2 protein chains.
Amino acid sequence: MRKLTVALGERSYPILIGEGVLDSADAIAAAVNTPRVAIVTNDVVAPLYLDRLTATLARAGIAYDSVVLPDGEAHKNWQTLNTIFDALLAGHFDRSTTLVALGGGVVGDMAGFAAATYQRGIPFIQIPTTLLSQVDSSVGGKTAINHPLGKNMIGAFHQPQLVLADTAVLNTLPDRELKAGLAEVIKYGLIRDPAFFDWLESHIDKLLGRDPLALAEAIERSCANKSQIVSEDETERGVRALLNLGHTFGHAIEAGMGFGVWLHGEAVGAGMVMAATLSQRQGWLSMQQYERTVALIARAGLPVLGPRLGAARYLELMAHDKKVEAGRLRLVLLRDIGDAEIFSDVPTADIAAAIDACCESA
Amino acid sequence: MRKLTVALGERSYPILIGEGVLDSADAIAAAVNTPRVAIVTNDVVAPLYLDRLTATLARAGIAYDSVVLPDGEAHKNWQTLNTIFDALLAGHFDRSTTLVALGGGVVGDMAGFAAATYQRGIPFIQIPTTLLSQVDSSVGGKTAINHPLGKNMIGAFHQPQLVLADTAVLNTLPDRELKAGLAEVIKYGLIRDPAFFDWLESHIDKLLGRDPLALAEAIERSCANKSQIVSEDETERGVRALLNLGHTFGHAIEAGMGFGVWLHGEAVGAGMVMAATLSQRQGWLSMQQYERTVALIARAGLPVLGPRLGAARYLELMAHDKKVEAGRLRLVLLRDIGDAEIFSDVPTADIAAAIDACCESA
Ligand SMILES: NC(=O)c1ccc[n+]([C@@H]2O[C@H](COP(=O)([O-])OP(=O)(O)OC[C@H]3O[C@@H](n4cnc5c(N)ncnc54)[C@H](O)[C@@H]3O)[C@@H](O)[C@H]2O)c1
Ligand SMILES: NC(=O)c1ccc[n+]([C@@H]2O[C@H](COP(=O)([O-])OP(=O)(O)OC[C@H]3O[C@@H](n4cnc5c(N)ncnc54)[C@H](O)[C@@H]3O)[C@@H](O)[C@H]2O)c1
Ligand SMILES: [Zn+2]
Ligand SMILES: [Zn+2]
């Protein structure tokens, strides 16, 4: 078992990574300081892992109840969130309750937001079961639901007490979801960890083959990178914005195609290629590093070209993205592999040309 | 103009109190660090004070928009909250937006929760327009909406940048609402400020006559008491619980009669009499101090007897109150005027007898 600590003063918490951590009654007992827990999961994950989690809780001597949500991003909304509140209130759960999120990023974001707002905040634990949620969404304390007019528009910052990332649960994850998670893994290498990028170049095939040790290493280094950034900037006012590499382009792809058509990680893959292309054309990223970037994204099985929506449509969608602060489009671009920076003065025509160069042909 | 500071480290903020502070463009300009503000108010307060606020914002050179909610506690729910989000998203308000709550506690709680959760948190300003909101709900950072299964069950802690309490707006407040606000004012004297209690005994008639200097003094001393408590205990783990004097009984009255039949302050008035009665019977509060307590509540025009729901029903409703932690009923009781303490071991039969002694005869 590997252990990391997210350093946030008195709200610091451990991340435990490895095969079988889901069975660790000790870890859970140490993190739960309430007499009861309520598990939030969904109807895909529950049949796979809920019994294992409840067995662990039983061994830890903790009383539990569970709420099973319908699966999917389409349900990441107020109606579904309310079913969590309904269950908690109907079950007379008071503030002495820990919520446990068992599932991917959708479950984690919703359970986290429920924990942030139920009776003005109760403790919670993340048990992420997708690669994306293990390397990204379960770390950092961001929680949210979607609004019909925008993704993740309603949410809160709320840090968990513990994150348990069990590599074994990834064995049941669909291939496409695994690859989508790798986009965020590669992102950490690109924005701040060149040695990790090198490591990924030589281990990408093992990761795709779900080698448990390679996965644990990738998850640990990803979480270490993210947690360092989060410790420096808990509420996203500065350096945390670097985590958005490829995301402004990617969100335009997701929104332009209709959410769910492209997976988030797939859109981020193509978006990182767009960011790298623009960086190279502006003379910031060398051609060689640019080529390594695109090659690794391709080897991870991710798309390197976006859908042909037209640059104008991309720009329109990007202008709606919340990374726009006070009307200025801020883009994360690369100086080098492992060295990212925020730019808010790139000429629109250059952005458009880079997008056009990175779209599928008609 | 009187000024107080709520000391919360880097989230400290000023409370400005006095006649006409609503016109203070300087105060607002100093607190707003965003290019735009969105005002949240309701259809009773908007016709009275919205133009004055927008004139102040115009003088301060700040762009604004407003959302007018339907009036009343019945609308303090997710549906109404969503109309705030709808308006913010439709108006392309990004994170560089300050929300301004203009209204009583209902508007303040909803606008505050919207600010706590819109794009994971944006700044906000409280302009409370009822006595209750000026002395209580606008200070302390608690925000919430109701759930069909419980009041204030969904919420967050989110501190404002500024509180502006204009005594002049109280001139249009219905008498019953003014008296209800006085219940919370008296509460501060009872739980921790005996000198303020003495002052209230000699100024209660001026307060009922809406004398602006007396009101400003009462608001300032109330806010000073509340903000000291909040500074010590921002998220209600310890001393902040003293603010619940009379509230556990009071909530039973509100819930038992159907919310809205008794005003919150009226229920707290009768609830404080129940708490004082129980305190006196347990031998903690002297008979003389008990009598002063009941007399002041009565002179403020507040009920000193609760509705005859039956002690069993009271106890059942009190057990559902969220002041119950891990199943134990915690009550705030008085050792003296100005000296309150939390007890969780009072025999149920004694609580029931005190309730029965303080209810209207059949
Ligand atoms: N909070 C943050 O910081 C943050 C960061 C990135 C993404 N997110 C959010 O995360 C969400 C995406 O998360 P995701 O990619 O995990 O999607 P997801 O939660 O929808 O999971 C993908 C699919 O895999 C299923 N699944 C989960 N675990 C499984 C397992 N072990 N075996 C088989 N199937 C399994 C899920 O039920 C779902 O059908 C988005 O809503 C996004 O906004 C949040
Ligand atoms: N957040 C907290 O810490 C906290 C503390 C106490 C109470 N509260 C909440 O506050 C709410 C009660 O607040 P309230 O008592 O202000 O009720 P309210 O907001 O409903 O106001 C009472 C009535 O007076 C009207 N009104 C407001 N200002 C007026 C004015 N200047 N002139 C004429 N009419 C005016 C309102 O529109 C409403 O009809 C409850 O929802 C309660 O839960 C919150
Ligand atoms: Zn992402
Ligand atoms: Zn109150």
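Residues numbered from 1 in each chain as written. Chains lettered and ligands numbered in written order. Predicted model: local features only at pLDDT ≥ 70, side-chain atom pairs only at ≥ 80, totals over all residues. Heavy atoms only, no water.

J.: Provide a residue-level description of the overall build of chain A, including the pertinent values.
T.: In terms of regular secondary structure, chain A is built from 13 helices and eleven strands. The C-alpha radius of gyration computed for chain A amounts to 20 Å, which stays within 12% of the reference 21 Å derived for 362 residues, consistent with globular compactness. C-alpha atoms of chain A, sized along the principal axes, occupy 60 × 40 × 40 Å. A total of 362 residues make up chain A; the buried ones form 60% of that total. Sequence-distant contacts in chain A: of pairs separated by 6 or more residues, those separated by 24 or more amount to 76%. Accessible surface for chain A amounts to roughly 12800 Å². Of this, 51% is attributable to carbon and sulfur atoms. Charge-centre separation for chain A: the mean point of 31 positive side chains lies 3 Å from the mean point of 41 negative side chains. (Helix = DSSP H or I, 4+ residues; strand = E, 2+ residues; numbered from the N terminus. Rg over C-alpha atoms; globule rule 2.2 N^0.38 Å. Buried < 20%, exposed > 50% of the residue type's maximum accessible area, 1.4 Å probe, protein only. Contact = heavy atoms within 4.5 Å. Areas by Shrake-Rupley, 256 points an atom, 1.4 Å probe, with all protein chains shown as cover. Lys, Arg positive; Asp, Glu negative; His and termini not counted. Charge placed at Lys NZ, Arg CZ, Asp CG, Glu CD.)

J.: Got a sec to walk through the coordination of the zinc ion (ligand 3)? Specific residues and values, please.
T.: Residue and element names in this part refer to chain A. Listed as protein donors to the zinc ion (ligand 3) are E184 (OE), H247 (NE2) and H264 (NE2); their distances from the metal cover 2.0 to 2.1 Å. Each donor residue of the zinc ion (ligand 3) lies on the same chain, and together they follow the pattern E-x62-H-x16-H. Linking H247 in helix 9 (residues 247–257) with H264 in helix 10 (residues 264–281), this pair joins segments that are 17 residues apart in sequence. Owing to a relative accessible area of 6%, H247 belongs among the buried residues under this scheme. The exposure class of H264 is partly exposed, given its relative accessible area of 22%. (Donors = N, O, S within 2.8 Å, 3.2 Å for Na, K, Ca; no water.)

J.: Which residues make up the pairing of strand 11 (residues 339–343) of chain A, and what are the values?
T.: Residues and elements named next belong to chain A. Sheet topology note: the strand 10 (residues 331–336)/strand 11 ladder contains five bridges and is antiparallel. Within the sheet, the bridge partner assigned to V332 lies in strand 11 and is I342. Counting the residues in the hairpin turn of strand 10 and strand 11 gives two residues, including G338, whose phi is positive at 95 degrees. (Pairing = 2+ DSSP bridges.)

J.: Give a detailed account of the site of ligand 1, specifying residues and quantitative values.
T.: All names here are of chain A. Of all residues adjacent to ligand 1, which total 26 residues, the nearest are D71, E73, T129, T130 and T172. In the model, an oxygen atom of ligand 1 is placed 3.0 Å from a nitrogen or oxygen of the V106 main chain. Between ligand 1 and the protein, one listed contact pairs an oxygen atom with a side-chain N or O atom of N152 at 3.2 Å. Relative to its unbound accessible area of 870 Å², ligand 1 is 88% covered by the protein chains. Those elements that place two or more of their residues in the shell around ligand 1 are helix 2 (45–60), helix 4 (105–117), helix 5 (131–137) and strand 8 (150–157). The residue inventory of the shell around ligand 1, partitioned by class, reads nine nonpolar, eight polar and nine charged. (Near = heavy atom within 4 Å. Polar contact = N/O pair within 3.5 Å; in protein donor to acceptor, adjacent residues only side chain to side chain. Nonpolar A, V, L, I, M, F, W, Y, C, P; charged D, E, K, R; others polar.)

J.: Any chance you could break down helix 3 (residues 78–90) of chain A for me, citing the residues and the numbers?
T.: All names here are of chain A. With 13 residues, helix 3 extends 18 Å from end C-alpha to end C-alpha; this agrees with the ideal 18 Å at 1.5 Å per step. The N-cap of helix 3, judged by a side-chain oxygen 3.3 Å from the amide nitrogen of Q79 a few residues on, is N77. H92 sits one or two positions beyond helix 3 and adopts a positive phi of about 55 degrees. (Expected span 1.5 Å × (residues − 1).)

J.: Hey, could you go over the site of ligand 2 for me, with residue numbers and the actual values?
T.: Residues and elements named next belong to chain B. Near ligand 2 lie 26 residues; those nearest to it are D71, E73, T129, T130 and T172. Residue G105 places a main-chain N or O atom 2.7 Å away from an oxygen atom belonging to ligand 2. Contacts to ligand 2 include K142, whose backbone N or O atom sits 2.9 Å from a nitrogen atom. For ligand 2, whose free accessible area comes to 860 Å², the fraction covered by protein is 88%. Where the shell around ligand 2 is concerned, the elements lending two or more residues are helix 2 (45–60), helix 4 (105–117), helix 5 (131–137) and strand 8 (150–157). Residues that form the shell around ligand 2 fall into these classes: nine nonpolar, eight polar and nine charged.

J.: Which residues make up the relation of the copies chain A and chain B, and what values go with them?
T.: Taken as rigid bodies, chain A and chain B are interconverted by a rotation of 180 degrees and an axial shift of 0.0 Å, the fit giving an RMSD of 0.0 Å. In short, the pair behaves as if placed about a two-fold rotation axis. Comparing interface residues between copies, 100% of those in chain A also lie at the interface in chain B; the contact surface is shared. (Least-squares fit on C-alpha atoms with pLDDT ≥ 70 in both.)

J.: Break down the sheet that holds strand 6 (residues 124–128) of chain A for me, with residues and values.
T.: Residue and element names in this part refer to chain A. Read from one edge to the other, the open sheet built from seven strands follows the order 1-2-9-6-5-3-4, with strand pairing classed as mixed. Where the open sheet ends on each side, the last strands, each with one partner, are strand 1 (2–6) and strand 4 (63–69). Across the sheet, the axes of successive neighbouring strands diverge by a mean angle of 15 degrees, strand direction being ignored. Inspection of the sheet shows strand 6 paired to strand 9 (residues 162–166) by two bridges, in the parallel sense. Within strand 9, the residue paired with I125 across the bridge is L162. (Axes fitted to C-alpha atoms, helices over the stretch in contact; angles between N-to-C directions.)

J.: Any details on the environment of B:G121? Residues and values, ideally.
T.: Residues and elements named next belong to chain B. Here G121 is to be found in the loop between helix 4 and strand 6 (124–128). Separated by 75 residues in the primary sequence, G121 and F196 have C-alpha atoms spaced 36 Å apart. Residues in contact with G121, not counting those within four places in the same chain, are A115 and A116.

J.: Requested: an account of the interface of chain A and chain B, with residues and values cited.
T.: The interface is formed by 36 residues belonging to chain A together with 36 residues belonging to chain B. Interface area for chain A against chain B, summed over the two sides, is near 3100 Å², with a carbon-plus-sulfur share of 55%. Considering only the surface of chain A that becomes buried against chain B, A:W78, A:R95 and A:R120 emerge as the three largest contributors, covering 26% of it. Across the chain A-chain B interface, the total number found is zero salt bridges. Where chain A meets chain B, there are eight residue pairs in polar contact (both at pLDDT 80 or more). Of all the secondary-structure elements, those providing two or more residues to the side of chain A that touches chain B are helix 3, helix 4, strand 7 (142–147) and strand 8 of chain A. Taken together, the residues that form the side of chain A that touches chain B break down as 16 nonpolar, twelve polar and eight charged. (Buried area = accessible area lost by both parts, 1.4 Å probe. Salt bridge = Lys/Arg side-chain N within 4 Å of Asp/Glu carboxyl O.)

J.: Provide a residue-level description of the coordination of the zinc ion (ligand 4), including the pertinent values.
T.: All names here are of chain B. Around the zinc ion (ligand 4), the protein contributes the donor atoms E184 (OE), H247 (NE2) and H264 (NE2), at 2.0 to 2.1 Å from the metal centre. All donors of the zinc ion (ligand 4) come from a single chain, and their spacing in sequence reads E-x62-H-x16-H. Taken together, the positions of E184 in helix 6 (residues 175–192) and H264 in helix 10 (residues 264–281) put the pair 80 residues apart, joining distant regions of the chain.

J.: Outline the pairing of strand 8 of chain B, listing residues and values.
T.: Consecutive residues of a regular strand have side chains that alternate between opposite faces of the sheet. Burial within strand 8 of chain B is extensive, with six of its eight residues counted as buried. Hairpin connection from strand 7 (residues 142–147) of chain B to strand 8 of chain B: two residues lie between these consecutive antiparallel strands.

J.: Can you lay out the environment of B:V44 for me, pointing to particular residues and giving the numbers?
T.: The residue B:V44 is located in the loop between strand 3 (36–42) and helix 2 in this model. The partly exposed category is assigned to B:V44, whose relative accessible area is 43%.

J.: Residues and numbers for the domain arrangement of chain A, please.
T.: Frequently, the measure chosen for interface size is the accessible area removed from exposure when the parts meet. All names here are of chain A. Here chain A is partitioned into domain 1 (2–172) and domain 2 (175–357). A straight line from the C-alpha centre of domain 1 to that of domain 2 covers 26 Å. Contact residues are listed per partner, giving 29 residues for domain 1 and 30 residues for domain 2. When the buried area of domain 1 at its contact with domain 2 is split by residue, R2, L131 and V135 rank highest and sum to 24% of it. A salt bridge links D136 to K226; its shortest N-O distance comes to 2.7 Å. Where domain 1 meets domain 2, there are eight residue pairs in polar contact (both at pLDDT 80 or more). At the level of elements, strand 1, strand 2 (13–18), helix 5 and strand 8 are the ones that each hand at least two residues to the side of domain 1 that touches domain 2. Tallied by class, residues from the side of domain 1 that touches domain 2 come to 14 nonpolar, nine polar and six charged. (Domains from an automatic or database assignment.)

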